[in-house]
Amino acid sequence: METRRRFPPPSCTSPSSAATLRSLPAAPRSSGNRIQASDALPIPIRHTNLLFSLLFVCSIVFLMRRWRDKVRESIPLHAVDLSELVSIISVVASLIYLISFFGIAIVQSIVSSHEDEVDDFLPDSKMTPSPAPSSDLAAPVLAGREDEDIIAAVVAGKTPSYALESAIGDCHRAAEIRREAIRRISGRGLDGLPLEGFDYGSILGQCCEMPVGYVQLPVGIAGPLILDGREHYLPMATTEGCLVASTNRGCKAIAESGGAASVVLRDAMTRAPVVRFLTAARAAELKFFLEEPTNFDNLSVIFNRSSRFARLQDIQCALVGRNLYMRFSSTTGDAMGMNMVSKGVQNVLDYIQNDFPDMDVISLSGNFCSDKKPSAVNWILGRGKSVVCEAVIKEEVIKKVLKTSVSALVEVNTIKNLAGSAIAGALGGFNAHASNIVSAIFIATGQDPAQNVESSHCITMMEAVNDGKDLYISITMPSIEVGTVGGGTQLASQSACLDLLGVKGACMESPGANARLLATIVAGSVLAGELSLMSALAAGQLVKSHMKYNRSCKDTSKAASN
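Residues numbered from 1 in each chain as written. Predicted model: local features only at pLDDT ≥ 70, side-chain atom pairs only at ≥ 80, totals over all residues. Heavy atoms only, no water.

A few words on the overall build of the chain. Regarding its fold elements, the chain presents 20 helices and 11 strands. With 562 residues in all, the chain has 46% of them scored as buried. If you sum the accessible surface of the chain, you get close to 27100 Å²; carbon and sulfur atoms cover 59% of it. (Helix = DSSP H or I, 4+ residues; strand = E, 2+ residues; numbered from the N terminus. Buried < 20%, exposed > 50% of the residue type's maximum accessible area, 1.4 Å probe, protein only. Areas by Shrake-Rupley, 256 points an atom, 1.4 Å probe, with all protein chains shown as cover.)

Right under this line is the structure:
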């Protein structure tokens, strides 16, 4: 949920915020002699750090040499001349600066517990405190009451349904009671929805609220996908017949042609708040201030304090009247990272409020991010992981495995994926069915299914190579938004699928490596899916294959209710 926050003009500047980062250069001013927090030091912070570092080293070297000479000449060390006094003062001053600047981050990294860092990966972990697991729920007030009494209280509206877990102290029992209350209120049963066999404590406070059961989805395995010299077996959660089989065929064609290769072009999650000023001119002042390169180092220090893994990469601004949209881009380690970036953005907004007290924060997200919506900004600039995956498919493989020809594939891709999508006005949809594969792997591995929207942005390219005998195929996906920690990735089933891919959890040696590998696997899977479906279309096999794999006369309604 997006929150709308308005900041009143501050009546005073807190000592901590003023002392922490006074070195921010001043923004263009529109009002007289108003003192800003950034007026204290008019040079870039990197130059300040270098200056004090050199001052410290030079003073130490000078003092050591002078004291060495005094020892040799039997001169008392406490006999200090003016140059030595200046050097001692310089050492103390530079040491105080360096400790105060660099020591804060070091101390924070030491005292921050592992649980605090995990909060960066959990949805709304700072906005709503996560309740404890079912076995540790504090002070249950309804634990001793009969189920029937609690159900009656829920139906009558005396006990809120959302409070059952904390009131009862048992997540499974709470789901069971809530389920029965819903049945009585609605008059409709949930007989086909399973209740048993799921750990409801594992989703409490982070994945799903007010559960009454869980949905069963079959998971198929395609592969192996040979990508960058490694084998990957692809877990795909889907109810569409033929999808896993088709992807598997594409994997086979890629494997028999020597495998595919991938490259990650960019890795940055984005968040774009929108703020408003009284005039467009004043909004433009903040825009110019944020785009000034000398200010970026200061703002990145503020931003990066939100997490060990958040590293600000870029700020891009767009002005609409007196409204300013600021798109922050940041690495996020192995987390998908939206909450992590949101925390960093909030830090920056709080800081620049000191220099721009007339700034009215309309929303932490102004849709310039852009999350869970098709957008040109993601298509052009990317969001999450931007990946290109490519392969050369041999002519004999195309004939034997894909049952078509190089020329037919190139023709269909040009007329369908490129020209057809163009006349449809597609935005990021220059492909056959990238969304199919992305959705299936997202659900299997615990990603946010709604982010399939921008994660499925893809352009598929095909051309004849090697004198027209072989096929070069590539897919370019600028916005694959995945993570291997946090959210649904921690659930047992999804965790098992991530483990199958070899990307479970965080990579300790190189933070972010697991998430980037997962993004390349998603892209490689899309490559296989595109290759197979386009071959089916070129060979006229689409209807035949779907009639074979996606049609059934079996009545499964009885089985579903058991």
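Following the criterion strictly, the structure yields 0 disulfides and no others. The structure places no disulfide on Cys-208, whose sulfur is separated from the nearest cysteine sulfur, that of Cys-207, by 8.2 Å. Summary of cysteine pairing: Cys-389 is not part of a disulfide, and the nearest cysteine sulfur, belonging to Cys-458, is at 10.0 Å. Using a relative accessible area of 0% as the deciding quantity, one classes Cys-389 as buried. (Disulfide = S-S within 2.5 Å.)

With that out of the way, let us pick up helix 5 (residues 147–155). Of all the residues in helix 5, the buried ones are Ile-150, Ile-151, Ala-153 and Val-154. Down the axis of helix 5, the buried side of the element spans an arc of 160°, and every buried residue falls inside it. One or two residues past the end of helix 5 sits Gly-157, with phi positive at roughly 85°. (Arc of directions from axis to C-beta.)

Describing an aromatic ring pair means giving the distance of the ring centres and the angle of the ring planes. Under the defined criterion, the tally for this structure stands at 6 aromatic pairs. Ring geometry for Trp-379 against Phe-430: centres 6.2 Å apart, planes inclined by 25°, an arrangement best described as stacked. One end of the pair, Trp-379, is in helix 12 (residues 376–381); the other, Phe-430, is in strand 9 (residues 429–430), and 51 residues separate them in sequence. The rings of Phe-198, Tyr-200 and Tyr-214 are connected pair by pair, giving a single aromatic cluster. (Phe/Tyr/Trp six-rings, centres within 6.5 Å; stacked < 30°, edge-to-face > 60°.)

Another aspect to go through is the side chain of Gln-451. Structurally, the position occupied by Gln-451 is in the loop between helix 15 (434–445) and helix 16 (452–455). Judged by relative accessible area, Gln-451 falls into the buried class, the value being 1%. A polar contact of 2.9 Å, which involves the side chain of Gln-451, links it to the side chain of Asp-371. Discounting residues that sit within four places of it in the chain, Gln-451 has contacts with Met-336, Met-338, Asp-371, Lys-372, Arg-383, Phe-442 and Glu-481. (Polar contact = N/O pair within 3.5 Å; in protein donor to acceptor, adjacent residues only side chain to side chain. Contact = heavy atoms within 4.5 Å.)

Here we take up the pairing of strand 11 (residues 470–480). Where burial is concerned, most of strand 11 is hidden: 9 out of the 11 residues are buried. In this sheet, strand 11 lies alongside strand 8 (residues 384–393) in antiparallel orientation, the contact comprising 8 bridges. Bridge assignment links Ala-391 to a residue of strand 11, and that residue is Ile-473. As defined by bridge partners, strand 10 (residues 458–465) adjoins strand 11 across 7 bridges and the pair is classed as antiparallel. Bridge assignment links Val-465 to a residue of strand 11, and that residue is Asp-470. With antiparallel pairing between neighbouring strands as the criterion, strand 10 and strand 11 make up a hairpin whose turn holds 4 residues, including Asn-466 at a positive phi of roughly 55°. (Pairing = 2+ DSSP bridges.)

So yeah, pure geometry; function would need other evidence.
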